Amino acid sequence: MPPLEVRVGVIGCGWFGSAHARVYRAIGDAKLVAVADKDENAARRLAEYYHVNYYTSVEGMIRKESLDAVSVVVTPQHLFEVTKEALELGVSVLTEKPIVTSRNELFLLSSLVKKGGIFMPGFIELFNPAVVKLKELLKDEIIGSISSISSRRAGRLPKKILGWKIGVILDLGIHEAYVHRYLMDEDPLDSLSYTARLLNDGEGEDLAILIFSYPSNVIAIIEANWLTTAGIRSMTITGEDGSISLDYADQFIRVERGDHSLIPRLRKEEPLYKELSHFIESIKGGKDPVVGFEFAEDVLNNIFNAMDRRIVPK
């Protein structure tokens, strides 16, 4: 029988793990009971702030607190091992992007998820009201048949200087890749990536351009970098009858059609709150989330295919 109140823990007590803890405290059907981090000081600070227990052991937290679910919000190279441990202990899991960092981890995770339990990828932008509205507009063919999608996502902080062992594709580019997959509702026929490593410290690319061609004759381009002085989170979709521009951060959409434009009125909401609420609802209802492992698997395979066909400037 589904729990009346979902007992949840957060694994990873950095800035985004702290955000998960804050949101769980605000969801009526969720009860934040513990946090965990290998850094005991980080775990203690967050636990004291929310008056919950803290652990340095994932297994210790899950077993002692009788948890129903956890959020896994750790450094990317540790996401798979922590998710694996949590799933094997029988709890439902929401794992932050990129979920895994290799095809092998993706394959192993697939076998774990299929054994049962609810798994949800942390694809936060799918719960952005602007993205949800954009999907509706495209379904209504407000700009006719789509010909191209162009996304730009840039940040000011190269995560590899924090010890993240990934490049900008799996940090920022993945957001655009899963949004494109959500909008298109099909996998690309072909993919390609251009990458450049411009910073000396750490691993992975600092700038990337991914190109996908879809069965419906749509060309999609993703530009991602962590070199700009200001954050950029934008998308433009071109169709036979007009175009739509989207700003993720401002939750803003503008439709251009012929000699007039349209700005749909949106109610701004916190995407993380909507995402974690859906996770809790899925657990209570005993059903898979709208966005589950199979969707994440498609997205990551599309990215890995593009990365396999990588052109690196000399």
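The structure we're discussing is the one just above.
Described in the following lines is the structure provided in the data block. (Residues numbered from 1 in each chain as written. Predicted model: local features only at pLDDT ≥ 70, side-chain atom pairs only at ≥ 80, totals over all residues. Heavy atoms only, no water.)

**Some remarks on the sheet that holds strand β4 (residues 69-72)**
Ordered by their spatial adjacency, six strands build an open sheet running β3-β2-β1-β4-β5-β6, and the pairing between neighbours is parallel. Only two strands of the sheet have a single neighbouring strand rather than two, namely β3 (53-55) and β6 (119-122). The average undirected angle you get between the axes of adjacent strands in this sheet is 25°. When strand β1 (residues 6-11) meets strand β2 (residues 30-36), the two strands line up parallel, connected through six bridges. Looking at β2, one finds that Gly9 is bridged to Ala34. In the packing of helix α4 (residues 76-88) onto the sheet, contacts are made with β1, β4, β5 (92-96) and β6, and the angle to β5 comes to roughly 170°. (Pairing = 2+ DSSP bridges. Helix = DSSP H or I, 4+ residues; strand = E, 2+ residues; numbered from the N terminus. Axes fitted to C-alpha atoms, helices over the stretch in contact; angles between N-to-C directions. Contact = heavy atoms within 4.5 Å.)

**Observations regarding the packing of α4 against helix α5 (residues 103-113)**
At a minimum axis separation of 10 Å, α4 and α5 run at an interaxial angle of 10°. Compared by their axis directions, α4 and α5 come out roughly parallel. α4 and α5 meet at a crossing whose hand is left-handed. Across from Phe80, Thr83, Lys84, Leu87 and Glu88 in α4, the residues of α5 making contact are Glu105, Leu108, Leu109, Leu112 and Val113. For the contact of α4 with α5, a count of residues per class yields six nonpolar, one polar and three charged. (Parallel < 35°, antiparallel > 145°, perpendicular 65-115°, else oblique. Left-handed = near helix turned anticlockwise from the far one by under 90°. Nonpolar A, V, L, I, M, F, W, Y, C, P; charged D, E, K, R; others polar.)

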